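Structure assessment
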Amino acid sequence: MRRLSIKSAVALVGEELSPVRDVVIDIADGEVIGIGKVAGSNNVIDLGSTILMPQLTNAHIHVLDHFLMGLFNKYYIDDLVGAPYGLKYYYLRRTKPESLRDGLRIIFRRVRNYGVGCLLSIIEYGRIFADVVIDEAKRASLCIIPLAEPSVFRVYVSPNEEEDVDEVFEEEVRYFVEKGFGVSLISPLNYTMAELRLVSRLAGSRGSLISTHVSETEDTHSDGDLNRALTTLITGNSLFVHLTQLSKDEVLKLPAMPIALCPRSNMELVGKLPEVGTMFSRGLRPMVGTDNVALIEPDPWQEMRLLRFLIARGAGLRAVDILKMATSWAWSWGFGYIIREGLPMKGLALGMYYNVSDDYVHEYLLTRASPGDIVYLIDGSDVMKIA
Ligand SMILES: [Zn+2]
């Protein structure tokens, strides 16, 4: 059994990210076995004046579009990433998975250096690219939830095809579920009702996650994508992404289910943020994602910082809740980490260069800290110093 104790000035512990001062965390075989003041082993690593907190979860990212970097703002968004005619889909249909390795390696290294431990990644053309994405994510020591996207989708579903199921679609979804992958649906509007119910049934039988973009744009919202998703997908294992256009009333009627918000992507692409305050007060526990890597650097700290501006605008948000979006709320849905006895130790330690009081520590992280302040990543019994 490998035992180790790590010491830090402050640790954010449990689901509430409660600050504990001068803390010693005992770890055995990669798991937290004690949180206290006295080391339980002779092998003590002192992290110095740092804030120790759980590694982050990025709940929505597209990693395969990095080759489009530099093209955003030069072309209309739909011409770049719109399915299936956008440049992204055109390129991916013609490229070999191996040719994407170098780009993925760079992205995952950067993702890791932002303190992310867990990643929910959309994989377009999942059958072709899932293996290479999973492989490169694992090489970067990331825990990845692959959300594989079928190659088949409809630009428009006419009322008389609602009971049709495309054969290739069904075959690919069965393959993903068999492999233990989650399934990514572009939008509920790109599949027939029968196809949506089929995915729900297949993924539900294996507990696999289904991710879909919902109401990112005014068009998809007015076309009724939310209702379409709610009436076909099992909310227990579905993840709705964006929800940018939902009214307060619609947010209040949402069932408790995993949601991922991508504030910077929303500001870039649709110039609007979702009703975050209403989601918080409704107790929805949304997560945070960074969306397309070609457009948005996959740094969750920047997402949280953007949301922090809503605090000053009286949206009813607290700094600690914004931090929870990337940590304990994700954990509560089954992704990512918190620091608690009996759970795997997956932490990051940020240098604390000021005298930070307990009631300021969450705010401090959102306003002062940056990824450059991350000095250690802790994976079980491995304490890695970040240059
Ligand atoms: Zn997306």
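Data block above holds the structure.
Everything numeric in this text was worked out from a predicted model, so none of it was measured.

What counts as what
- Residues numbered from 1 in each chain as written.
- Predicted model: local features only at pLDDT ≥ 70, side-chain atom pairs only at ≥ 80, totals over all residues.
- Heavy atoms only, no water.
- Pairing = 2+ DSSP bridges.
- Helix = DSSP H or I, 4+ residues; strand = E, 2+ residues; numbered from the N terminus.
- Axes fitted to C-alpha atoms, helices over the stretch in contact; angles between N-to-C directions.
- Parallel < 35°, antiparallel > 145°, perpendicular 65-115°, else oblique.
- Left-handed = near helix turned anticlockwise from the far one by under 90°.
- Contact = heavy atoms within 4.5 Å.
- Nonpolar A, V, L, I, M, F, W, Y, C, P; charged D, E, K, R; others polar.
- Buried < 20%, exposed > 50% of the residue type's maximum accessible area, 1.4 Å probe, protein only.
- Polar contact = N/O pair within 3.5 Å; in protein donor to acceptor, adjacent residues only side chain to side chain.
- Arc of directions from axis to C-beta.
- Donors = N, O, S within 2.8 Å, 3.2 Å for Na, K, Ca; no water.
- Tetrahedral: all angles 85-135°; square planar, octahedral: opposite > 155°, others 65-115°.
- Salt bridge = Lys/Arg side-chain N within 4 Å of Asp/Glu carboxyl O.

As a further point, take the sheet that holds strand β9 (residues 182-185). On the basis of which strands lie adjacent, the open sheet formed by nine strands has the order β13-β12-β11-β10-β9-β8-β7-β6-β14 and parallel pairing. In this open sheet, the two strands that pair with only one neighbour each are β13 (287-288) and β14 (291-292).

What follows deals with the packing of helix α3 (residues 101-113) against helix α4 (residues 126-139). Taken N-terminus to C-terminus, the directions of α3 and α4 make an angle of 40°; their axes are 9 Å apart at the nearest point. Considering the angle they form, α3 stands oblique to α4. Two packed elements cross with a definite hand, and for α3 against α4 that hand is right-handed. Packed against α3, whose contacting residues are Arg 101, Leu 104, Arg 105 and Phe 108, the element α4 presents Val 132, Val 133, Asp 135, Glu 136, Ala 137 and Arg 139 at the interface. Its residues assigned to classes, the contact of α3 with α4 shows five nonpolar, no polar and five charged.

Looking now at the side chain of Arg 112. With respect to the helices and strands, the residue Arg 112 is situated in helix α3. What makes Arg 112 buried here is its relative accessible area of 8%. Here the side chain of Arg 112 touches Val 116 through a polar contact of 2.8 Å, landing on its backbone oxygen. In this view, Arg 112 contacts Gln 55, Gly 117, Ala 140, Ser 141, Leu 142, Leu 377 and Asp 379; residues no more than four positions away in its chain are not counted.

Now for helix α8 (residues 225-232). Of all the residues in α8, the buried ones are Asp 225, Leu 226, Arg 228, Ala 229 and Thr 232. Buried residues of α8, seen end-on, are gathered within an arc of 165° and therefore sit on one face of the element. Those residues of α8 that are exposed and angled more than 90 degrees off the buried face are Asn 227 and Thr 231. Close packing links the buried residues of α8 with α6 (193-206), β10 (210-214), α7 (218-222) and β11 (238-242).

Take the coordination of the zinc ion next. The zinc ion binds to the protein through His 60 (NE2), His 62 (NE2), His 213 (NE2) and Asp 291 (OD); the donor distances cover 2.1 to 2.3 Å. Angles of 89 to 165° at the metal separate the four donor atoms of the zinc ion, which places the site in the irregular class. Read in sequence order, the donor residues for the zinc ion give the motif H-x1-H-x150-H-x77-D. Remark: His 213 occurs in strand β10 and His 62 occurs in strand β6 (residues 56-62); sequence separation between them is 151 residues. Comparing His 62 with His 213 shows no difference in burial state: the two are buried.

With an omega dihedral of -5°, the bond running from Ala 83 to Pro 84 counts as a cis peptide bond. Along the polypeptide, Pro 84 turns up in the loop between α1 (77-81) and α2 (87-94). Backbone geometry at Asp 22 places phi at a positive 40°, although glycine is not the residue there. Note on placement: Asp 22 falls in strand β2 (residues 18-28). Although it is not a glycine, Asp 29 sits at a positive phi angle of roughly 45°. Of note, Asp 29 is situated in the loop between β2 and β3 (31-36).

Turning to the pattern of salt bridges, a few remarks are in order. Scanning all chains against the criterion turns up 28 salt bridges. Residue Glu 124 pairs with Lys 88 through a salt bridge whose shortest N-O separation is 2.7 Å. One end of the pair, Glu 124, is in the loop between β7 (116-123) and α4; the other, Lys 88, is in helix α2, and 36 residues separate them in sequence. In this structure, Arg 139 engages Asp 135 in a salt bridge whose closest nitrogen and oxygen atoms are separated by 3.9 Å. Separated by four residues within a single helix, Arg 139 and Asp 135 lie in helix α4, roughly one turn from each other. Its relative accessible area of 57% is what places Arg 139 among the exposed residues.

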